[in-house]
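Structural description and commentary
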Amino acid sequence: AGTFDVDLPLTGSPGIECRAGGTGGNHQVVVTFAVPITVSSANVSSGTGSVSSVGAVGNQVFVNLTGVANGQTIAITLVGVNNGTNTGNVTIPMGVLLGDTNGDASTNSSDVSQTKSRSGQTVTATNFRSDVTVDGSLNSSDVSLVKSKSGTALP
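For the structure given in this document, a descriptive report is provided here. Since the structure is predicted, the reported quantities are computational estimates derived from the model, not experimental observations.

Rules used throughout
- Residues numbered from 1 in each chain as written.
- Predicted model: local features only at pLDDT ≥ 70, side-chain atom pairs only at ≥ 80, totals over all residues.
- Heavy atoms only, no water.
- Helix = DSSP H or I, 4+ residues; strand = E, 2+ residues; numbered from the N terminus.
- Salt bridge = Lys/Arg side-chain N within 4 Å of Asp/Glu carboxyl O.
- Buried < 20%, exposed > 50% of the residue type's maximum accessible area, 1.4 Å probe, protein only.
- Arc of directions from axis to C-beta.
- Contact = heavy atoms within 4.5 Å.
- Polar contact = N/O pair within 3.5 Å; in protein donor to acceptor, adjacent residues only side chain to side chain.
- Pairing = 2+ DSSP bridges.
- Axes fitted to C-alpha atoms, helices over the stretch in contact; angles between N-to-C directions.

1. Topic: the environment of S148
Relative to the helices and strands, S148 resides in helix α2 (residues 140-149). Taking the C-alpha atoms as reference points, S148 and L98, 50 residues apart in sequence, are found 9.6 Å from one another.

And the structure:
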């Protein structure tokens, strides 16, 4: 259906990834900088998960994560980010809560209702969060998965 992004602000409340990461808890984080950069490495500096690969192309860094557990906020640290003038580390917080389609840090009846109301729609930039199975379709599988996670929340 396409690639759709969850914004991950560096300050304030973290963005929440509500879609399944498969049996391996796999997610990709793309960080966009204002100018081209290089990066030495990346790691999960808090939370459960690890970096399987990292690479920079121009002003974007692609971080592939594995083993990311549900129901947590992780911190991804980019080590040795260099823009040609300055070098430093950048830490990106990311909430992970399967089924939290409205991004309020709790999976509940609101998320179930929202996902049900979108069932049958084409996946777009405005409703992609309800495609929690990440199969390109909004259907009963998504509704069932959100229902199964109802009652969970970020700490």
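There's more to say after this.
2. Brief notes about the pattern of salt bridges
Enumeration over the complete set of coordinates arrives at 1 salt bridge. A salt bridge links E17 to R19, with the shortest nitrogen-to-oxygen separation between them at 2.7 Å. Judged by relative accessible area, R19 falls into the buried class, the value being 15%.

3. Comments concerning α2
When we look at burial in α2, the residues that qualify are D142, V143 and V146. Here the buried residues of α2 occupy an arc of 100 degrees about the axis, which is enough to place them on one side. Looking at α2, the residues exposed on the side facing more than 90 degrees away from the buried face are S140 and S148. The secondary structure elements touched by the buried residues of α2 are β8 (106-107) and α1 (109-118). The backbone nitrogen of S141 has a side-chain oxygen 3.0 Å away, supplied by the residue at the start of α2, namely N139.

4. What to know about unusual backbone geometry
If a residue is not glycine, its phi is most likely negative; likewise, a peptide bond is most likely trans. One non-glycine residue, A105, lies in positive phi territory at about 75 degrees. Residue placement: A105 occurs in the loop between β7 (87-96) and β8. In this model, V134 sits at a positive phi of 55 degrees, which is unusual for a non-glycine residue. Turning to its location among the elements, V134 is positioned in the loop between α1 and α2.

5. Notes on the sheet that holds strand β6 (residues 72-82)
Taken in spatial order, the 4 strands make up an open sheet running β1-β7-β6-β3, and their pairing is mixed. Every other strand in the sheet has two partners, leaving β1 (15-17) and β3 (41-46) as the edge strands with one partner each. Neighbour-to-neighbour, the strand axes of the sheet open up by a mean angle of 35 degrees, direction not taken into account. Of the pairings in the sheet, the one linking β3 to β6 comprises 5 bridges and is antiparallel in character. Along β6, the bridge assignment pairs N43 with T77.

Treat this as a map of the structure, not an account of what it does.
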